[in-house]
Amino acid sequence: LFCMLDNFLKWTKSNLGLLTMAPQELKLNQTIEGIVETVAPTAKLRNITFDLQLDQDVDIFFDLDVMNSILRNLLINAEKFSRPNSSIVVKLKDSSNEITVEVIDSGIGMTKDVQEKLRNRFTAKEDFASTSIAGKGLGLWIVYYFVNLNHGLFFFESEENIGSKFGFTIPKKSPLGN
């Protein structure tokens, strides 16, 4: 519920031009570990574990609250669609000018048709509110929106009954003026 309310608040503030970004230096591996720690109790109820494969000491310049929302949405989504007694892999890869984060589950996956509809939703000229309702992809749209706002690339791949990988690549230094 908190995550859904946070998504609506950020989306509304952004549409009204009231969302203030405050980029700061972050150790992204530590930020990821903190978010995993907050979602782990819910995952544990279904015996879902997290396999963290994180490069260490990964410094980026990014808004902490926005990064927390991005990570929380990806992890909650993976947990929601994972099968009981499974593991979610979280990868953080550091390269010279950018980082890549991937969240990989072995859950129900998506059909090619569902994937195409999701891609179309992200690239539609109209805003999210006019094309969807809560519970129908707002969390992923928030991830897509904020990754793109920060000159990054959001990506996903999925195979029905096999699982999904959602992730993003962003510059290590903020293109928003810092």
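Look a little higher up for the structure.
The structure reproduced in this document is the subject of the present report. (Residues numbered from 1 in each chain as written. Predicted model: local features only at pLDDT ≥ 70, side-chain atom pairs only at ≥ 80, totals over all residues. Heavy atoms only, no water.)

Observations regarding the nonpolar core
Convention followed: We call a set of buried residues a nonpolar core when its members are Ala, Val, Leu, Ile, Met, Phe, Trp, Tyr or Cys and they connect through side-chain atoms within 4.5 Å of each other. Buried means the residue's accessible area, taken with a 1.4 Å probe over protein chains only, is under 20% of the maximum for its type, while exposed means over 50%, and partly exposed covers the values in between. Any two residues having at least one pair of non-hydrogen atoms within 4.5 Å are treated as being in contact.
Ranked by internal contacts, the top residues of the largest apolar core, which has 41 residues, are L28 and F168. Dropping the residues within four chain positions of it, F168 is found in contact with M67, I70, L71, L74, I99, T100, V101, V147, L153, F154 and F155.

Thoughts on helix α3 (residues 64-81)
Each full turn of the α-helix corresponds to 3.6 residues, which orients residues three or four apart in the same direction. To keep it simple, the criterion reads: Helical segments are the DSSP runs of H or I of at least four residues, strand segments are the runs of E of at least two, and each set is numbered from the N terminus. By definition here, a helix of n residues has an expected span of 1.5 Å times n minus one. Distance and chemistry together define a polar contact, namely a pair of N or O atoms within 3.5 Å, with one atom able to donate a hydrogen and the other to accept it when in protein, and with adjacent residues in sequence counting only for side-chain atoms on both sides.
Here α3 spans 26 Å end to end across 18 residues, near enough to the 26 Å set by a 1.5 Å rise per residue. With 13 of 18 residues buried, α3 lies mostly within the body of the structure. Near the N-terminus of α3, the side chain that reaches the backbone nitrogen of D65, with its oxygen 3.1 Å away, is that of D63.

Remarks on the side chain of T31
Relative to the helices and strands, T31 resides in helix α2 (residues 28-44). The exposure class assigned to T31 is buried, which follows from its relative accessible area of 12%. Once residues within four sequence positions are removed from consideration, T31 is found in contact with L26, L64, M67, N68 and L71.

Examining the packing of helix α4 (residues 112-123) against helix α5 (residues 138-149)
Counted only if it meets this: Inter-axis angles, ranging from 0 to 180 degrees, are taken between N-to-C directions of lines fitted to C-alpha atoms, where helices are fitted over the stretch in contact. To sort the angles, those under 35 degrees are grouped as roughly parallel, those over 145 as roughly antiparallel, those from 65 to 115 as roughly perpendicular, and the leftovers as oblique. We call a crossing left-handed when the near helix sits turned anticlockwise from the far one by less than a right angle, and right-handed when that turn is clockwise.
Taken N-terminus to C-terminus, the directions of α4 and α5 make an angle of 50°; their axes are 10 Å apart at the nearest point. Classed by the angle they form, the pair α4 and α5 counts as oblique. The handedness of the crossing between α4 and α5 is right-handed. Only L140, W141 and Y144 of α5 make contact with α4, whose side of the interface consists of L118, R121, F122 and T123.

Some details on the packing of α2 against α3
Interhelical geometry of α2 versus α3 gives an angle of 40° and a closest axis separation of 10 Å. The angle between the axes of α2 and α3 places the two elements in the oblique class. The handedness of the crossing between α2 and α3 comes out as right-handed. Residues L28, T31, I32, I35, V36, V39, T42 and A43 of α2 form the contact with α3, whose own contacting residues are L64, M67, N68, L71, R72, L75, I76 and E79.

Some details on the environment of Q30
Relative to the elements of secondary structure, Q30 occurs in helix α2. By relative accessible area, which is 48% here, Q30 ends up partly exposed.

Here we look at the packing of aromatic side chains
Heads up, the condition is: Each Phe, Tyr or Trp ring (for Trp, its six-membered ring) is paired with any other whose centre lies within 6.5 Å, and the angle between the two planes then decides the class: stacked below 30 degrees, edge-to-face above 60, tilted in between. Sitting over a ring, as applied to charges here, requires NZ of Lys or CZ of Arg to be within 6 Å of the ring centre and within 35 degrees of the ring normal.
This model, assessed by the stated rule, comprises six aromatic pairs. Consider the rings of W141 and Y145, whose centres lie 5.2 Å apart with planes at 15°: the pair is stacked. In this pair, W141 and Y145 are both assigned in helix α5, four residues apart and thus about one turn of the helix distant. Among the residues examined, W141 registers a relative accessible area of 9% and is labelled buried. Centroid distance Y145 to F146: 5.1 Å. Interplanar angle 80°. Geometry classified as edge-to-face. In this structure Y145 comes out as partly exposed when scored by relative accessible area, which is 25%. Taking relative accessible area as the criterion, F146 reaches 0% and is therefore assigned buried. Taken together, the ring pairs in this structure connect Y144, F154, F156 and F166 into an aromatic cluster. Directly above the aromatic system of F156 lies the positively charged group of R119, at a separation of 4.3 Å from the ring centroid.

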